[in-house]
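Commentary on secondary and tertiary structure
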Amino acid sequence: MNRTTRRQFLQFAGSALATIGIDQLLFQQQAKRYGQVLAQSTPRKLALLVGINQYQSRPLEGCLNDVELQRNLLIHRFGFNPRDILVLPDAQATRQGILTAFEEHLIKQAKPGDVVVYHYSGHGSRISDPNPIVVVDPNKKGLNGTFVPVDGNLPAGYPQVGGTVKDIMGHTLFLLMSGLKTENVTVVLDSCFSGGATREARVRSRDGGENVLVSADEKTYQQQWLSRLNMSPEDFVKGYRAGVAKGLVLAATAPSQVAREININGFKAGIFSYLLTHYLWQEDSNIERIFPKILPEIPQNFNQLPRYEVKPGSSYQQQSPYFIGSPNSTAQAVVTRVSGDTAQLWLGGVDLRKVVAGTVFTAVKGTGQVRVLSRDGIVAQGKIEKAVTEGTPLRLMG
């Protein structure tokens, strides 16, 4: 119901109730309840996007681009309000910054039925965990995977000297997801959990090992969340071993593999984030059907096998992506800015090799048309030949 219809309803209801002598207070209570129902009729869509390039050691190049890939997809394809998307780039993505943002922006705001997306692009690592819940590598039983915030620096003197780091453990992410009041949760992780380096691509991994320990603050934080959730250590272990806490998790690698970022025709990004968002622009499908399209496009010598995992007993992989039942039109590009007779295009769903000066895009619906003047990575500038507006989805002409 639109705003005008709602106002007319309230006006009609007010006059009708007054006519039959019902107390005005009762009417106000009913109107308030009606307004609350209206407010709850459309699920809110909240997203927290973390991207870290500027690490003290082994800086990365594509993580902020991953965040932009995700942000534009959520806004223009899946209808997120830009004000409900919180981005934590580089210096803002400290351990405390990430945890606080997850609590304040997602946990405290999300209500049952709302949609939540959490995206992390940055380094992963493995650090010592004397009591691992899940053993991924039998040869390295004492190591556990972590996410490396921008302040997750190795101890001074490493590797000869060990010590603690400010990493965020997978255990912590499980507890934070458990704290969400909605099941409509999608977590995208574009990082890895083991060290390494290649000549083909940049690896998203910070060193770790047996002499690198989780901080006392991290363990204390986990204990605080167990108390908030009224969850016993035994129930936590059981739940963690069973699988993800809520919704589904889309991961760039298997737990023992490394994630890579590459130069994609002038645009540096995590190969997983790029391929995932690329196909989500083009497909009205589900994760179960989209993943088989992603896997063949990752070079075999990368030894990187993305995977997804859903809450045990659910079939969330068969749901619409991000739990959005009616997304906007599939597209190969979208208009992100209009200025006079020129437009800026975001080329999230098109093969970048096909976009050169003179390439023509037409509106998915309507008669809009833009001719490309130039391209810089995944952004193009074009001349408007037939009227378009910001947010117009586009496809290659012909």
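This one's a predicted model, so the numbers in the text were calculated from it and none came from an experiment.

**A few points about the nonpolar core**
Among the nonpolar cores identified, the biggest contains 63 residues, and Phe80, Tyr274, Leu345, Leu347 and Phe361 are the most heavily contacted of them. The element that contributes the greatest number of residues to this core is helix H8 (residues 271–282), accounting for eight residues. Residues contacting Phe80, with those up to four places away along its chain left out, are Lys45, Leu46, Ala47, Leu74, Ile75, Ile85, Val115, Val117 and Ile324. Residues Phe147, Val150, Leu189 and Tyr221 belong to the second largest nonpolar core, which totals 40 residues.

**What to know about the packing of helix H5 (residues 170–178) against helix H7 (residues 233–242)**
Interhelical geometry of H5 versus H7 gives an angle of 100° and a closest axis separation of 11 Å. Relative to H7, H5 is oriented roughly perpendicular. On H7, the residues touching Gly170, His171, Phe174 and Leu175 of H5 are Phe236, Gly239 and Tyr240. A breakdown of the residues in the contact of H5 with H7 according to their chemical character gives four nonpolar, three polar and no charged.

**Focus on the packing of aromatic side chains**
Each pair of aromatic rings is reported with the distance of its centres and the angle of its planes. Counted under the stated rule, the structure contains 10 aromatic pairs. Aromatic pair Tyr120 and Phe147: ring centres 5.3 Å apart, planes at 65°, arrangement edge-to-face. With Tyr120 in strand S3 (residues 115–121) and Phe147 in strand S5 (residues 143–147), this residue pair connects regions lying 27 residues apart in the sequence. For the pair Tyr120 and Phe147, one class covers both residues: buried. Taken together, the ring pairs in this structure connect Phe174, Phe236 and Tyr240 into an aromatic cluster. The residue whose ring lies beneath Arg77 is Phe78, and the NZ or CZ to ring-centre distance is 5.3 Å.

**As for unusual backbone geometry**
A positive phi angle, near 50°, is found at Asn265, a position not held by glycine. Positive phi outside glycine occurs at Phe323, with the angle close to 60°. Note that Phe323 resides in the loop between strand S14 (307–310) and strand S15 (333–339).

**Quick look at helix H6 (residues 216–228)**
If you check H6, its first and last C-alpha atoms are 19 Å apart, about what 13 residues at 1.5 Å a residue would give, namely 18 Å. For H6, the set of buried residues is Glu218, Tyr221, Gln222, Trp225 and Leu226. For H6, the angular spread of the buried residues around the axis is 140°, confining them to a single face. H6 presents Ala216, Asp217 and Ser227 as exposed residues on the side facing more than 90 degrees away from its buried surface. Here the buried face of H6 lies against helix H4 (95–107), strand S7 (168–169), H5, strand S10 (209–214) and H7. Trailing H6 by a residue or two, Asn230 shows a phi angle of about 55°, which is positive.

What counts, and where the lines are drawn
Residues numbered from 1 in each chain as written. Predicted model: local features only at pLDDT ≥ 70, side-chain atom pairs only at ≥ 80, totals over all residues. Heavy atoms only, no water. Core = buried A, V, L, I, M, F, W, Y, C linked by side-chain atoms within 4.5 Å. Buried < 20%, exposed > 50% of the residue type's maximum accessible area, 1.4 Å probe, protein only. Helix = DSSP H or I, 4+ residues; strand = E, 2+ residues; numbered from the N terminus. Contact = heavy atoms within 4.5 Å. Axes fitted to C-alpha atoms, helices over the stretch in contact; angles between N-to-C directions. Parallel < 35°, antiparallel > 145°, perpendicular 65-115°, else oblique. Nonpolar A, V, L, I, M, F, W, Y, C, P; charged D, E, K, R; others polar. Phe/Tyr/Trp six-rings, centres within 6.5 Å; stacked < 30°, edge-to-face > 60°. Lys NZ or Arg CZ within 6 Å of the ring centre and 35° of its normal. Expected span 1.5 Å × (residues − 1). Arc of directions from axis to C-beta.

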